[in-house]
Amino acid sequence: VGDSMEDEQIADGDLVLIQRQTDCEIGDVVVALDAENENTLKVYDGIDKESNKAILRYANEKAYPGKRILVSKLVVQGVARQVIKRL
């Protein structure tokens, strides 16, 4: 639900197939826990050098320019492998 992943061609109502795994690489679209311990679908963008926290980046620069979530402990629940578009 939402529009935070539109730059990754994932729109509200699409079905995202997730491969369960706990590791990821920079640039992967991941299901991870955010700062409030809620699931979120974001792009893993590495470690912030200033805070030493993991970066979960929004992929909709038009609506959320530069917006990201910093988490002390990165908890990845899976990586997106395919998107099925809503008709």
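Residues numbered from 1 in each chain as written. Predicted model: local features only at pLDDT ≥ 70, side-chain atom pairs only at ≥ 80, totals over all residues. Heavy atoms only, no water.

Visitor: Describe the overall build of the protein, with residues and values.
Guide: The secondary structure content of the protein amounts to zero helices and six strands. Seen in sequence order, the protein has helices and strands lined up from the N terminus as β-β-β-β-β-β. Its C-alpha atoms give the protein a radius of gyration of 12 Å, near enough to 12 Å, the size a compact globule of 87 residues would have. For the protein, the spread of C-alpha atoms along the three principal axes comes to 40 × 30 × 20 Å. Counting only residues that meet the buried cut, the protein has 34% of its 87 residues in that class. A separation threshold of at least 6 residues defines the contact pool for the protein, and within that pool the share at least 24 residues apart is 54%. Carbon and sulfur atoms make up 45% of the accessible area of the protein, which totals about 5900 Å². The positive charge centre, built from 12 side chains, and the negative charge centre, built from 16, are 1 Å apart in the protein. (Helix = DSSP H or I, 4+ residues; strand = E, 2+ residues; numbered from the N terminus. Rg over C-alpha atoms; globule rule 2.2 N^0.38 Å. Buried < 20%, exposed > 50% of the residue type's maximum accessible area, 1.4 Å probe, protein only. Contact = heavy atoms within 4.5 Å. Areas by Shrake-Rupley, 256 points an atom, 1.4 Å probe, with all protein chains shown as cover. Lys, Arg positive; Asp, Glu negative; His and termini not counted. Charge placed at Lys NZ, Arg CZ, Asp CG, Glu CD.)

Visitor: Describe the side chain of lysine 42, with residues and values.
Guide: Examined against the element boundaries, lysine 42 turns out to sit in strand β3 (residues 39–47). In terms of polar contacts, lysine 42 uses its side chain to reach the side chain of serine 4, at 3.1 Å. A polar contact of 2.9 Å, which involves the side chain of lysine 42, links it to the side chain of threonine 40. What lysine 42 contacts, discounting residues up to four positions off in sequence, is Ser4, Met5, Asp28, Val29, Val30, Leu56, Arg57, Tyr58 and Ile69. (Polar contact = N/O pair within 3.5 Å; in protein donor to acceptor, adjacent residues only side chain to side chain.)

Visitor: Describe in detail the pattern of salt bridges, supporting the description with residues and values.
Guide: Within this structure, the stated rule accounts for three salt bridges. Among the ionic pairs, lysine 85 bridges to aspartate 14, the shortest N-O distance being 2.6 Å. Of the two residues, lysine 85 sits in the segment after β6 (76–84) while aspartate 14 sits in the segment before β1 (15–20), which places them 71 residues apart along the sequence. On the basis of relative accessibility, which here comes to 46%, the residue lysine 85 falls in the partly exposed class. As a salt-bridge pair, aspartate 45 and arginine 57 come within 3.2 Å of each other at their nearest N and O atoms. Here arginine 57 lies in strand β4 (residues 54–57) and aspartate 45 lies in strand β3, a separation of twelve residues in the sequence. (Salt bridge = Lys/Arg side-chain N within 4 Å of Asp/Glu carboxyl O.)

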